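Structural description and commentary
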Amino acid sequence: MPGGDYGELGGSLPAIASLNASYSTTLSLPSPYLFVPPAERKAISDVRRTFCLFVTFDLLFISLLWIIELNITSSIKDSLEKEVIHYDYRSSFFDIFLLAVFRFLCLQVGYAAFRLKHWWVIALLSQNAFGYVLPITSFVVAWLETWFLDFKVLTQEADDERAYLATVNAACERAPMIYPRAVSDGQFYSPPESVAGSEEDLDEEGLGRRAVTAQEKEYVRQGREAMSVVEQILSQEDNWKFEKNNDIGDSVYTLEIPFHGKTFILKAFMQCPAELVYQEVILQPEKMVQWNKTVSACQILQRVDDNTLVSYDVSSGAAGGVVSARDFVNVRRVERKRDCYLSAGMATDHEAKPPSGRYVRGENGPGGFVVLKSSSNPSVCTFIWVLNTDLKGRLPRYLIHQSLAATMFEFMTHLRQRIAELRPSLRSHHHT
């Protein structure tokens, strides 16, 4: 599916794309891109070094507590003789101290010397605490280490690695594109009423609505950027990683995008004309709340030109209420081509809807909807949803990722129900 095969105009990024975000945190790098040679990378990241210091503090703290305990009843010498030489597991805390030393050595060897990138070592070593004040303290500190490694060290190092690889690729290619592609006739787009041509030609002829102010031109630029990313994702279908599918045959894939992180891609076969899906999902995003239960509000804030608009979307809660409602401000670009309809968008700012205390403001990376026409059967089509979202807040990334596929499948259920409701009225209208 090369990027240039997608024709001439038409779409937008509906509120549903705001919904549950893939946690996929958007990574941004300054432009021009800064190349960091591999030799200059740190052997141990700052966050991993902090974790190692935390482990050292754990050992010192447990040792200090044990020394204090030795001083409570008698002198340190007598207490050491009683707890070490005449060890009794029912009264001695010497075993807790030895376990702390053993945990310290294993964690330092595993995460400092060998720089492991998995949590199994610390998980195994955190199961040793039982007893009273000293064991309870050991238990708490051990699980604090586990949390810090899983939610801070490994996730931040993964983000840093992704940013580094993206920077290297950008420096090697000398271009801000995700993947190299040839220039096609469809690279520039025009409004639905006009013949395909460049945006510059449109400005000169004064056809239709067009951006005038600096802010409007920035919205147009953001829309084109999102459209470029979506087209390049489509052209890289061979690199999509399969995640799961449902009984109907809808499939969810993922793709790592430089500067934007993990992107989720839904691909579904629809038993209806492409124009019907285009009308319901792309042309009328503000009406989606009537049939899509994952969206509670969608408002068009500004129509910039014939292809670009800014919308305000509010998603319903997700993951059984674990993820609360989020609001989003998106710029959307709509394009229609000979064989498909495209809608692409990304997060932006608008003075009419600044962040408020009522909702957590989410942020969408480049994504959107694509409706592919069938060359052999006009009554069927293929629907593709590209989703890259950061829900913000303090939600664990893995929780968001697990719920995304289910939410995308739920959206397809609502969409098919909507299409089924429209078909009888369309047939009756056709006969009259």
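In every chain, residue numbers begin from 1 and rise along the written sequence. For this predicted model, a pLDDT threshold of at least 70 governs which residues receive local features, and a threshold of 80 or more governs which side-chain atom pairs are given and counted, while totals over whole chains, interfaces and linings are taken from all residues. With hydrogens and water set aside, each side-chain value is computed from the structure's full complement of heavy atoms.

**Brief notes about the confidence of the model for the chain**
Here pLDDT means the predictor's own confidence in every residue, given as a number from 0 to 100. Scored by pLDDT, the chain comes out at a mean of 74, with 67% of its residues at no less than 70. Across residues 128–132 the pLDDT falls below 50, and counting only partners more than four positions away or on other chains, this stretch makes nine contacts in the model. The contact rule is simple, with two residues in contact once any of their heavy atoms fall within 4.5 Å. Counting contacts from residues 172–206, a segment whose pLDDT is below 50, to residues more than four positions away or on other chains yields 54 contacts.

**Some thoughts on the packing of helix H1 (residues 46–73) against helix H2 (residues 76–85)**
Inter-axis angles, ranging from 0 to 180 degrees, are taken between N-to-C directions of lines fitted to C-alpha atoms, where helices are fitted over the stretch in contact. For helices the rule is a DSSP run of H or I covering at least 4 residues; for strands it is a run of E covering at least 2, with both sets numbered from the N terminus onward. The geometry of H1 relative to H2 is characterised by a closest axis approach of 8 Å and an angle of 105° between their N-to-C directions. As far as their axial angle goes, H2 and H1 are roughly perpendicular. Contacts between H1 and H2 involve Trp66, Ile67, Glu69, Leu70, Asn71 and Thr73 from the first element and Ile76, Ser79, Leu80, Glu83 and Val84 from the second. For classification, angles of less than 35 degrees are called roughly parallel, those exceeding 145 degrees roughly antiparallel, those between 65 and 115 degrees roughly perpendicular, and all remaining angles oblique.

**As for the environment of Arg49**
Relative to the helices and strands, Arg49 is located in helix H1. Put simply, Arg49 and Val153 are 104 residues apart on the chain and 9.2 Å apart in space, counted from C-alpha to C-alpha.

**Concerning H1**
Counted at 1.5 Å a residue, the expected span for H1 with its 28 residues is 40 Å, and the 43 Å between its end C-alpha atoms agrees. Listed as buried for H1 are Val47, Arg48, Phe51, Cys52, Val55, Asp58, Leu59, Ile62, Ser63, Trp66, Glu69 and Leu70. Multiplying 1.5 Å by the residue count of a helix minus one yields the expected span of that helix. Each residue's exposure class comes from its accessible area (1.4 Å probe, protein chains only) as a fraction of the maximum for that residue type: buried when under 20%, exposed when over 50%, partly exposed otherwise.

**Comments concerning the pattern of salt bridges**
Counted as salt bridges are all cases of a side-chain nitrogen of Lys or Arg within 4 Å of a carboxyl oxygen of Asp or Glu. According to the stated counting rule, one finds 13 salt bridges in the structure shown. Lys267 is the partner of Glu237 in a salt bridge, and the nearest nitrogen-oxygen pair spans 2.6 Å. Highlighted residues: Glu237 in the loop between helix H7 (214–235) and strand S1 (241–245) and Lys267 in strand S3 (residues 261–270), separated in sequence by 30 residues. Looking at Lys267, the relative accessible area reads 25%, which means it is partly exposed. Each of Glu218, Arg221 and Glu225 takes part in salt bridges that share partners, so that together they form one network.

**Overview of the packing of aromatic side chains**
Ring pairs are drawn from Phe, Tyr and Trp, using the six-membered ring of Trp, whenever the two centres fall within 6.5 Å, and their geometry is named by plane angle: stacked under 30 degrees, edge-to-face over 60, tilted for the rest. In the structure shown here, the tally under the stated rule is 14 aromatic pairs. Taken together, the ring pairs in this structure connect Trp291, Phe369, Phe383, Trp385 and Phe411 into an aromatic cluster.

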